[in-house]
Amino acid sequence: MSLPEKIESFIKNLPDAEGARRFYQQFAEKFPAEERKLAKNEGLLSDVLTLAAFSPLLAMTILQNPGYISWLNRQRISSKVRGKDEILESLARFALTNTNVETNILLARFRRRELLRIYLRDIRNLGAIAEITEEISNLADAILEYALRYARQELDNRYGSPLETDKKTRIKQARFCIVALGKLGSNELNYASDIDLLFLYSNDGTTSGQGTRCAITNREYFVKLAEFVTKIVGGQTGEGAAYRVDLRLRPHGRVGALAISFDEAVNYYKKSAQSWERQVLIRSRSSAGAAEVFQKFFEQVESSVFWTDETVENALSNVRLSKEKINLEKTSVKNFNVKLGTGGIREIEFIAQALQLAFAGKDKWLRAAHTLISLSRLADRKLLSEAELTELFEAYEFLRRLEHRLQMENGLQTQLLPNDADKRFLIARRMNCADLDEFEKALELHTKNVNLIFSRVFQEGEFEQSQSRRNTENTPAVFYQNLPSAQSGLNTIFSSLEKSDAEIDVSDKTLETLKLLSETSPHFAEMIASNPNLIRNLPTSKDELNEQNYREIFLSAVGRESNYKNELAVLRKIWSRFLLEIVVFDIFEKIPRQKAKRLQTNLAEASIETALFITRRELERRFSVEVDEFPFAVLGLGKLGGGGMDYGSDLDLILIYDDEKSVLVKDSSHTEFYSRAVEIFVTVLSSLTRDGHLYRVDLRLRPDGKNGATSTSKTAFLNYLETRAAIWEWLAYVKLRGVAGCLKLAKETEFAARKIIHQNAQQLKIQDLEFKTLREEIWRIRERLETEKAGGRRGKEIDIKFGAGGMLDVYFAVRFLQLRANVPDDAETRTTDFMLKKLFESEFLEKEPFENFSNGYAFLSELDHNLRLTVGRSSQLPLANQTALQTIVKRMKLESIKDLLEQLTFHRLNIRAAFEAILKS
């Protein structure tokens, strides 16, 4: 079919006009409605057709995913380089809308979508080549970080967390880092690069055994983790892999372990590594995981990479040998290789690396991973002339863009320039050359310049005179500083304070606070170490808690910001300040456990309300509409629903909208609009930015679980409860409570849901007077959780939540009694201990089980609270961590660790006896 004149006007001057025309015809035939929308947006239309003309790969991507066009329309106007954190936030949102997709496919799809945005900037010359490769590298970092977090969670669930013992014999979690090498290591990744990786872990030890399987050694754990990450990121599917992962540069190459400990790695690179292996570390950095592990590692091996007594002759000879090996390997290839050919990209890289090896041993300022930064500094030291620097920069820009055009043809890892005249002409047009002759002259000029400089540099003895002429008087001594070793407690805080720009006076009273915080709660001390500015607002022992309106303060501060990024930043900063305030007053024992939990519940509700405010604003920005009315409600379950939030608690949420209200965005359904709102909302609360994160958001208890929509209408939700909810879901929904958003909608939904759940239970009672079905279902769920969550730790660690006689016994028994006796939660107080008293006073619970539950639950709650405060989010008693146990004993006013264990056993036995008596009677 012939295309409209307007479409032809966009196509006729494109490099591959026929390819763009064919793409548009296919798009119009398959998606006529989308085509009509696209035709109305000339800017977007031009961009889409340009992508199709420059990359058949991306043209196919759009045809397979037409929805990407509307996404691209929102993204294309931005010209900034997106960092790892921002891309990671986008990936989290993408994952929320693709919950049924396998993780490796998810990552491959996300990468392909992001390439639409990045390559468009590349084609339009909206960023320098260094910016383009940096963003491609940031994308890889984000994908690796996501894969690592996913894999780590899976393995922790199986084997528990990997643990190590520090120099003071304290047990702590072992850390893991994915080290990027090669192009990714220098932030110069191209579109189809392999990613060269090294997996490094902090120390040997064993896992906690807290998962569903027995404990294993750290080596086994981290090798499995490396395998899992490699499979997720590099596993081939019908849609390809996110990346090809190359692990051959690790110590001992193919025969070496996939993951290596810190000590082994340091020993290898100091004593056994060949010169080319040390050269590889010039371009290395932390890509994902614990960056401090890599920093400490590089501190130890840096002197082996950059030798102070290295001779110019030897350094150049080693790099020259590497280049000669490459020349031998490519002798049979007739096509010009943009990377490995004479005057190609590799010669530019080797110029920089050879001179670094020769001179950076005595001049730390020359130790830069990025090729262009390294060349600039070498020129500053007169090791390259200004003319040579200009020629190398221009050649690098030309050759890297040429490499990109070759690779984005079909997404293949190729650097070979085709010999076919028509294909070569198409490449010339994509390089913005008027004709093939102009392209050939430019290619010849740049490769000739590079090879001349390469030949001069590698001419023996050439640099002896240059070395003597170097002027090091103006070397910035502070430019390259050795990163400090990882420390703990106060040392970590003050080390971070010294490195920060913050001017903070630490008084004696503040020092007292920091000391007690470091001793009692190392993980909260780490929070301060990562953001020393938090010291400014820390309470001291003389201060008293002044309760504040968190919601009002959050909304006021966020309301003054003008963009989404700043809104998230200011929310996290103020939230961290308030959370630490609660922690410090708790540590000073100026507030009881109940008050600390109430304050945290208030803080969570204020955070949710503020997240909705930011969501509403961001919807207005994205859709260019005014959201005067936002009929969206947040209901809490679990600890939030019961009003008992504690340190590290998740937010278990149900998200409801009013489907009787119209959607403000044209041509968007309720489901589409609110799914986008949920993406933003969850990101605000849970995304990890440089300012930290707030909460883990758990939506798994929504109707139909992971297969259900992330938000649902009030009508659909209540219908689900009435007709399809499983019995075990009743137990969760008993604690449903409206916490934020449209409170009228929230409270109406909460009241109606509670009524339905109790009616369902009473209907079941008519059919089954003894509640046999409910009892059996509770037993089944309870035994499954005990087996899966605590079974693997039997005889080793004590799980106070999932283990026999743990907190879940109390939760399940209380909710069973509520449903059997038809005793709904009180409108004001939802706590478990309050409901226990209510059931006892109403004579639905006899005295002995009441006392067993009440006393046992009070003990376990106090223990759980102190566990969260001292060691973090864990239901497992850290028997190996005597320091933490002594702290807990002291705070609980017990006599000894033995006393703690004896009382714990006593209460667990009583709780389990009461639980069995109720569920089996």
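Residues numbered from 1 in each chain as written. Predicted model: local features only at pLDDT ≥ 70, side-chain atom pairs only at ≥ 80, totals over all residues. Heavy atoms only, no water.

## Concerning the nonpolar core
Here is step 1 of the chain: Phe23 and Val229 are the most contacted members of the largest nonpolar core, which totals 80 residues.
Here is step 2 of the chain: In this view, phenylalanine 23 contacts Val48, Leu49, Ala52, Ala59, Ile62 and Leu63; residues no more than four positions away in its chain are not counted. (Core = buried A, V, L, I, M, F, W, Y, C linked by side-chain atoms within 4.5 Å. Buried < 20%, exposed > 50% of the residue type's maximum accessible area, 1.4 Å probe, protein only. Contact = heavy atoms within 4.5 Å.)

## Looking at the pattern of salt bridges
Here is step 1 of the chain: For the structure shown, the criterion picks out 61 salt bridges.
Here is step 2 of the chain: Between arginine 219 and glutamate 264 there is a salt bridge; the shortest N-O distance is 2.3 Å. Of this pair, arginine 219 sits in helix H11 (residues 218-234) while glutamate 264 sits in helix H12 (residues 262-271), and the two are 45 residues apart along the sequence.
Here is step 3 of the chain: Looking at glutamate 264, the relative accessible area reads 30%, which means it is partly exposed.
Here is step 4 of the chain: One connected set of salt bridges, linked through shared partners, spans Arg113, Glu114, Arg117, Arg121 and Glu135. (Salt bridge = Lys/Arg side-chain N within 4 Å of Asp/Glu carboxyl O. Helix = DSSP H or I, 4+ residues; strand = E, 2+ residues; numbered from the N terminus.)

## Focus: the packing of aromatic side chains
Here is step 1 of the chain: All told, the structure shown has 29 aromatic pairs when counted by the stated rule.
Here is step 2 of the chain: When the centroid spacing of 6.0 Å and the interplanar angle of 25 degrees are considered together, the rings of phenylalanine 23 and phenylalanine 27 count as stacked. Separated by 4 residues within a single helix, phenylalanine 23 and phenylalanine 27 lie in helix H2 (residues 17-30), roughly one turn from each other. Each member of the pair phenylalanine 23 and phenylalanine 27 is classed as buried.
Here is step 3 of the chain: Here phenylalanine 27 falls in the buried class, since its relative accessible area comes to 0%.
Here is step 4 of the chain: Each residue in the set Phe630, Phe632, Tyr657, Phe673, Tyr674 and Phe681 is aromatic and connected to the rest through ring pairs, giving one cluster. (Phe/Tyr/Trp six-rings, centres within 6.5 Å; stacked < 30°, edge-to-face > 60°.)

## Points about the pairing of strand S10 (residues 651-657)
Here is step 1 of the chain: Most of S10 sits inside the fold, with 7 of its 7 residues counted as buried.
Here is step 2 of the chain: The alternating pattern of S10 places Leu651, Leu653, Leu655 and Tyr657 and Asp652, Ile654 and Ile656 on opposite faces, both of which are buried.
Here is step 3 of the chain: The pairing of strand S9 (residues 632-636) with S10 spans 5 bridges and is classified as antiparallel. Bridge pairing in S10 links alanine 633 to isoleucine 656. (Pairing = 2+ DSSP bridges.)

## Focus on helix H4 (residues 42-54)
Here is step 1 of the chain: The terminal C-alpha atoms of H4 lie 18 Å apart, and with 13 residues this matches the ideal 18 Å at 1.5 Å per residue to within 8%.
Here is step 2 of the chain: Within H4 the residues assigned to the buried category are Leu44, Leu45, Ser46, Asp47, Val48, Leu49, Thr50, Leu51, Ala52, Ala53 and Phe54. (Expected span 1.5 Å × (residues − 1).)

Honestly, that's just the spatial picture; any functional story needs more than this.
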